[in-house]
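# Remarks on the overall topology
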Number of protein chains: 2
Amino acid sequence: MKTIAMSAKSPVLVDLKFSPATVAKALEAAFADRGSINLADPSSKGADLSHVDYALLWKPDADLFKRAPNLKVIFSGGAGVDSMMSIAGLPDIPMVRFVDRSLTTRMSEWVVMQCLMHLRDVQGHLRSQRQHAWAQQQGPEAADVTVGVMGLGVLGCDAAAKLKVMGFNVIGWSRNRKQIDGMQTFDAGELDAFLAQTDILVGLLPLTPETTGIYNASLFSRLRRDGALSKPVFINAGRGKSQVQADIVSAIRTGVLGGASLDVFDVEPLAKGDPLWDLENVIITPHDSAVSEEKALMRHVEEQITRFERGEPLQHLVDRSRGY
Amino acid sequence: MKTIAMSAKSPVLVDLKFSPATVAKALEAAFADRGSINLADPSSKGADLSHVDYALLWKPDADLFKRAPNLKVIFSGGAGVDSMMSIAGLPDIPMVRFVDRSLTTRMSEWVVMQCLMHLRDVQGHLRSQRQHAWAQQQGPEAADVTVGVMGLGVLGCDAAAKLKVMGFNVIGWSRNRKQIDGMQTFDAGELDAFLAQTDILVGLLPLTPETTGIYNASLFSRLRRDGALSKPVFINAGRGKSQVQADIVSAIRTGVLGGASLDVFDVEPLAKGDPLWDLENVIITPHDSAVSEEKALMRHVEEQITRFERGEPLQHLVDRSRGY
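Procedures and definitions
- Within every chain, residues take consecutive numbers counted from 1 along the sequence as written.
- Numbering of ligands from 1 and lettering of chains from A proceed in the order in which they are written.
- In view of the model being predicted, local features appear only for residues whose pLDDT reaches at least 70, and side-chain atom pairs are presented and counted only at 80 or more, with totals across whole chains, interfaces and linings using the full set of residues.
- Think of the side-chain values as coming from all heavy atoms in the structure, minus any hydrogens and water.
- Delimitation of the domains relies on an automatic or database domain assignment.
- Only heavy atoms enter the contact rule, under which two residues are in contact if any of them lie within 4.5 Å.
- Accessible surface is computed with a 1.4 Å probe, and the buried area is the amount of it that two parts give up when combined, taken over both parts together.
- Any carboxyl oxygen of Asp or Glu that lies within 4 Å of a side-chain nitrogen of Lys or Arg is treated as forming a salt bridge with it.
- As used in this structure description, the phrase polar contact means that two N or O atoms lie within 3.5 Å; if the pair is within protein, one of them must be able to donate a hydrogen and the other to accept it, and residues adjacent in sequence are counted only when both atoms belong to side chains.
- Side-chain classes follow a simple rule in which Ala, Val, Leu, Ile, Met, Phe, Trp, Tyr, Cys and Pro form the nonpolar group, Asp, Glu, Lys and Arg form the charged group, and the remainder, Gly included, forms the polar group.
- Exposed residues in this analysis have more than 50% of their type's maximum accessible area, buried residues have under 20%, and partly exposed residues fall in between, with area computed by a 1.4 Å probe over protein chains only.
- Segments assigned H or I by DSSP are reported as helices when at least four residues long, segments assigned E as strands when at least two residues long, and all are numbered from the N terminus.
- Place the viewer so that the strands point away; then a crossover is right-handed whenever the path from the first strand over the helix to the second strand goes clockwise.
- Expected helix span is taken as 1.5 Å per residue step, with the number of steps being one fewer than the number of residues.
- By convention a nonpolar core is built from buried Ala, Val, Leu, Ile, Met, Phe, Trp, Tyr and Cys residues, the set being connected through side-chain atoms within 4.5 Å.
- Using only the protein atoms, space was sampled on a 1 Å grid; points where a 1.4 Å probe fits but cannot get out form cavities, open sets with protein on both sides within 12 Å along at least five of seven lines form pockets, and lining residues are those with an atom within 4 Å of a point.
- Grid points are joined across faces, edges and corners, and a volume is the space filled by probe spheres set on the points.

### Section: the domain arrangement of chain A
Residues and elements named next belong to chain A. By domain assignment, chain A separates into domain 1 (2-99 + 292-309) and domain 2 (101-284). The straight-line distance from the C-alpha centre of domain 1 to that of domain 2 is 34 Å. Counting residues at the interface gives eight residues for domain 1, matched by six residues for domain 2. Area buried by domain 1 at its contact with domain 2 is led by Ala79, Asp82 and Val99, which between them contribute 65% of it. Summed over the shared surface of domain 1 and domain 2, the result is one salt bridge. A salt bridge links Asp82 to Arg239, with the shortest nitrogen-to-oxygen separation between them at 2.5 Å. There are one residue pair in polar contact (both at pLDDT 80 or more) connecting domain 1 and domain 2. Class assignment of the residues belonging to the side of domain 1 that touches domain 2 gives a composition of four nonpolar, two polar and two charged.

Right, here's the structure in full:
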C-alpha cells in the first residue's frame, strides 16, 4: 500500500476520476508531511480508511463514505460540486470547492475567446479561407455588443471584468443581486430585463435544482433580437444539465439563436451522432475550457488543511442549502 | 459639383479609395460648417481645388497634389501612412495619421483573439469537432506563454495591455526603447534577446525601409523553441510588405513556426492560388482586423481641423524622417 505516513498526521484520501497518471504524478510532490492514499493505486484496494480525516474527491466510488466514516472535510476536485451533492450517504461535514487562480484565468481565456470569435465571425472567415476567398467584413465592435453573464461567482466576475477590458458592454445576473463596480446587475426577479439587453449570453451558473434546464427555448426567445449582432449567441461553460440541448438545436435551426459555443453537455462525452456537432456557427469543445490542473489542486488542498488545523476558517465552502 | 460651401471656410478635399457608398454616407453628416469636395463624386471631376486647405486621402489620384497646390494639412485615411509616403509630389506639409479609439480597440480584439486561438488550439478543436471526436486538451495557460509585441505605437501598447490582462506574459520591442509600466521592453540593438524570449510574435510595425521584409526566415529561426507552446507562432496585423511570405510558407512547412495568423499581405487581395490559404494552423483574414470606420475618421479630421484653426498643435503627426 502506497501510504507515505511520515507522522501521526492523517494521510489524505484521494479518489479522483481524472487521468490516473497525472494524479499519481501530482501526488508525488504533494502532502509531504502526511502522505496520501490514492484509490486509483491497485495496492490501495483494501486499505483501511477508517482513520482518514480528509478526502479529495471527484466522482468517488459509491462505497467511499462507508469505508471512510470519520472524514472531517471533503475537498472537491472541481469548481462545480453538483455531482458530489447527489452521492448517497454524503456526510454532513464541510465541503470545499476548488477555486484556483489558474482555473479561473483559463476559464476566462475560453469565455473571452468565444465572445470575440462570435463578434469577429471567425467561422465565416474560416469558411472564406477554405474557399480562398478574400471577403472583408466590417461587423460591430465590442462596445456595440452586450454580453450578459449569468452566474457571478469567482468565474463569472473574472470573465465579466476581462470582457469589459476588451471593450464589450457587460451586464450580470445572479439569483441574489451582486453589487459590482461599473456593471449593471440583475437578480432572479429581473431575468426578463436582463435577457432583453443581452446579445451574447454567457452561462457560468452552478448546477442546482433551480438552474437545471434554465437555458431553454423560452429563455432563448427572450434574448435581444435587434442588437448589433443580427441574432443572439449562447455560450455555456457552466454545467451541461443547465441547458436543454434539443432547444439549442432547434433555436439554431430556426434562427432564434445565431450561434453558440458549448463546452458542457447533458451527457459527456457528447454522442458521436449528436446533431450539435454539425450545426452552423456552433463551436463544440470537449469540457476542457478550464481543466483542473492537478498540481494546483494539491496546493489548494494543502493550504486549506493548514488553515483548518490552525483553527482558521476554511475558504470556498459549499453552502448545502444553495447547492453550491 | 457637390460642394456644400456654407461659409468662407475652405471645404475638405476627400479622396478615399474605400467603398464609395460608405464614404458618401459618412460625408453627409460631416464637415457641416465648411462642406467637402468628394473626388469619388463624378460631378467633382473638374473641380477647382486650388483654394483647398485640407485633404483627407487614402491612395489619392496621382495628379492630386498638382491640382491642390495650396494644402495646409494632409489627413491619412488609415493608421499606416507608408502608401502616402511614396506618392510623387507629396508636399512638405504636416501629415496626420488616423488614430481612433474604435480602430485601436478593434485591432486589439483581433490580436487578443488570435493569441488566444493559438494558445487554446482552436484549429485542433475545430478539426476534432468536424470528426465528432471528443478530444480533451490540456495546453499551457496564458501565463506560461510570452507574447512579444513588435511596434509599440498606439496599437501595440493597447494590444500589449489587453494581452497582459488576459494573463499572457508580454514583452515589447521598438526601434527606440519605450518605458512601459510592468512590461520588459527592448530596442533595436536587443532584437535577438527579445526574440529568444518570444513564443508568440505579434507584428504591429509601421512599414518603413527598415521594417520591409523584417519578418523573414532568419528572424523566425531566432524565436524561442523551448517554450510552453511546442513551436513559436507569428501574428501580423501591421503591414504585409514587412513579411517575406515565401519564408512564412517554408517556416510552417518545416516546423520552424507552429502556426500563424495573417491579416496583411505583400499583395492584396491574396492570390487565389497562394499556398498560405491551405497551410496547417495558419489563419488568414482579409485585411479586416481593424477597418477604418468612416464616421470615426470624419470626427477625427473635424477635431484636428478645429485644433489647427485654434492654433493648437495637431496630434498624431507623421515624422517624415522616421517614415511613420
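### A short note on the pairing of strand β1 (residues 12-16) of chain B
Residues and elements named next belong to chain B. Across the five residues of β1, five count as buried, placing the element largely inside the fold. Side chains Val12, Val14 and Leu16 of β1 all project onto a buried face; the interleaved residues Leu13 and Asp15 project onto the opposite face, where all are buried too. Traced from β1 through helix α1 (residues 20-28) to strand β2 (residues 36-38), the parallel crossover comes out right-handed.

### Considering helix α6 (residues 154-165) of chain B
For an α-helix the count is 3.6 residues per turn, leaving residues at separations of three or four pointing the same way. Taking 1.5 Å of rise per residue, the 12 residues of α6(B) would be expected to cover 16 Å, and the 17 Å separating its terminal C-alpha atoms lies within 8% of that figure. For α6(B), every residue scored as buried is listed here: B:Leu155, B:Gly156, B:Ala159, B:Ala160, B:Lys162 and B:Leu163. Those residues of α6(B) that are buried lie in contact with α6 (154-165) of chain A together with α4 (101-119), β6 (146-150) and β7 (169-173) of chain B. Just beyond α6(B), the residue with positive phi is B:Gly167, at close to 110 degrees.

### Comments concerning the nonpolar core
Ranked by internal contacts, the top residues of the largest apolar core, which has 111 residues, are A:Phe168, A:Ile200, B:Phe168 and B:Ile200. When sequence neighbours within four positions are dropped, the list of residues in contact with A:Ile200 reads A:Cys115, A:Val145, A:Thr146, A:Val147, A:Gly148, A:Phe168, A:Leu229, A:Val233 and A:Ile235.

### Things to note about empty space enclosed by the protein
Applying the stated rule across the entire model yields three cavities of 30 Å³ or more. The space that makes up the largest cavity amounts to roughly 70 Å³. In terms of lining residues, the largest cavity is bounded by A:Trp110, A:Met113, A:Gln114, A:Met117, A:Ile283, A:Thr285, A:Asp288, B:Arg120, B:Val122, B:His125 and B:Leu126. Broken down by secondary-structure element, the contributors of at least two residues to the lining of the largest cavity are α4 (101-119) of chain A together with α5 (122-130) of chain B. Looking at the lining of the largest cavity element by element, the count peaks at four residues for α4(A). In the lining of the largest cavity, the residues fall into six nonpolar, three polar and two charged. Roughly 50 Å³ of volume is contained in the second largest cavity. For the lining of the second largest cavity, the leading source of residues is α5(B), giving three residues.

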